[in-house]
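The chain contents come next:
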Amino acid sequence: MRRYPMLLRLVAFLFLVAIAGLWSVSGAGASAVARADLPADIVAWLALMPELATAPAPPWLKVGARLTYHVMSAAREGDASPAGESLVQYDVVSLDAATVLAAAGVHVIASGGTLGAVRDTGFIVGAPGVGDVWMDPAALRKAERHASQNLTIAHVTMDVGGVATKAVRFEYVQGAARSVSVFDETAGVLLYRIQASGGPDAAKQSSVVSEFVSIRQLTPAWTGGSTPSWAAANAVLKYEGAMRVNVGYPTPGPPLAVAMLGRITHSAPAGVCVKWETYLSGRKTEERYSLSPSAIPSSGIFMPQAALAALTAGQVLDTDPITGVTVSVAQPPLNIDGKQLLVLVHESQSFRRLYGYDRQSGTLTYFKETSRDGLAVVEIELRLTGVSR
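Source: prediction; values computed, not measured.

Visitor: Describe the packing of aromatic side chains, naming the residues involved and giving the relevant values.
Guide: Throughout the structure, instances matching the rule amount to 7 aromatic pairs. Seen in terms of ring centroids, Y239 and W276 are 6.0 Å apart; in terms of plane orientation they differ by 45°. Their pairing is tilted. Linking Y239 in strand β12 (residues 236–247) with W276 in strand β14 (residues 271–280), this pair joins segments that are 37 residues apart in sequence. Given the relative accessible area of 3%, Y239 is considered buried. Through successive ring pairs, a cluster of aromatic residues spans W45, F170 and F183. In this arrangement the basic side chain of R353 is found over the ring face of F351, its NZ or CZ atom lying 4.7 Å from the centre.

Structure, rendered in structure tokens:
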């Protein structure tokens, strides 16, 4: 509904995904050539190190694992030199013998250091042995044998939070493009990455630097969650409402009509992939994909029956020590249009979001957000107005 800052566009290539077949690939040993569901960067890793195609996931890579990175970006084109800073978090939402899915969220860091409201930036997909931010430790120990003319691979020691850590450094240079990835040799987690293009005299230059901050396991809020039967492929949910913006005045400006269409593109017991289209005053302003998992609390389009049965009013599900975002169950319960909903509250100093779910079907039927960005206060309220299949 609002334009994302330049940072989100600059780091978009970190979240390359393949839409087809994400939930349907199964069985270990699928070759890189056959894995049409994998993005180009992961296919490149598999081509470089074929042993990763059958390698197991690192021990920490489980559903509910959350990795946090500090990301800085810069670009130059002519006289324009946009730059940005953010915290990027990956939540592992699905893992089987062939595919790992992790939802990606971005908190843009303002000039004063304040974290903005988290923005859903889609998801990443990888194989158990390699993904955007992980690699099999056994393969890393012997990685140097894959070095080539344009690719140097070295075992190094890297300072991680004041601790000397054994790591493996990959550096690929081709023309004016340079990419460096450093993985923890023991854990297999990405510690550092820089992707840059354009030499010092080039008209266009860009760089994105990612540094590891932390990894932790979210505490399960329920067990045995599964996608409800109504959340099948091609189902479309329509939400309508209004957005109000107040920029330091006693009263907000006039409401702007907002509509969101969510089409389920893929469905499986572990969750669904949703293609979202956002319309502001009748004009399409955004198109994106997101995941709605069944195993962990999220901002998805459904709540599994296991969660509806397990969650209680006032229950705190998680508080992130890095971003300060708390996820809890609303107390007291919220009544919308005569129905009592199960409401998840996501909030921090910069935003508060309410996700209201029907207690029978688990469908997301209500959404409300209040967020602050400098002097601006933005309020959005949406209701489910239609479902088609």
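The structure having been displayed, the exposition proceeds.
Visitor: Got a sec to walk through the nonpolar core? Specific residues and values, please.
Guide: Soluble globular proteins: nonpolar side chains tend toward being buried together. With 49 residues, the main nonpolar core has W45, M135 and F170 as its most contacted residues. A per-element tally of this core places strand β3 (residues 100–108) first, with 5 residues. Counting residues in each nonpolar core, the second largest holds 33 residues, with L311, L317, V329 and Y355 among its members.

Visitor: Report on the pattern of salt bridges, specifying residues and quantitative values.
Guide: Taken as a whole and assessed by the stated rule, the structure comprises 21 salt bridges. A salt bridge links K238 to E240; the shortest N-O distance between them is 3.8 Å. Among the residues examined, K238 registers a relative accessible area of 34% and is labelled partly exposed. One salt bridge connects E277 with K284, and the closest N-O pair in it is separated by 3.6 Å. A residue is classified by how much of its surface remains accessible, and E277, at 17% relative accessible area, is buried. Among the charged side chains, a network of salt bridges with common partners joins R66, D91, R216, D318 and D320.

What counts and what doesn't
- Residues numbered from 1 in each chain as written.
- Predicted model: local features only at pLDDT ≥ 70, side-chain atom pairs only at ≥ 80, totals over all residues.
- Heavy atoms only, no water.
- Phe/Tyr/Trp six-rings, centres within 6.5 Å; stacked < 30°, edge-to-face > 60°.
- Helix = DSSP H or I, 4+ residues; strand = E, 2+ residues; numbered from the N terminus.
- Buried < 20%, exposed > 50% of the residue type's maximum accessible area, 1.4 Å probe, protein only.
- Lys NZ or Arg CZ within 6 Å of the ring centre and 35° of its normal.
- Core = buried A, V, L, I, M, F, W, Y, C linked by side-chain atoms within 4.5 Å.
- Salt bridge = Lys/Arg side-chain N within 4 Å of Asp/Glu carboxyl O.

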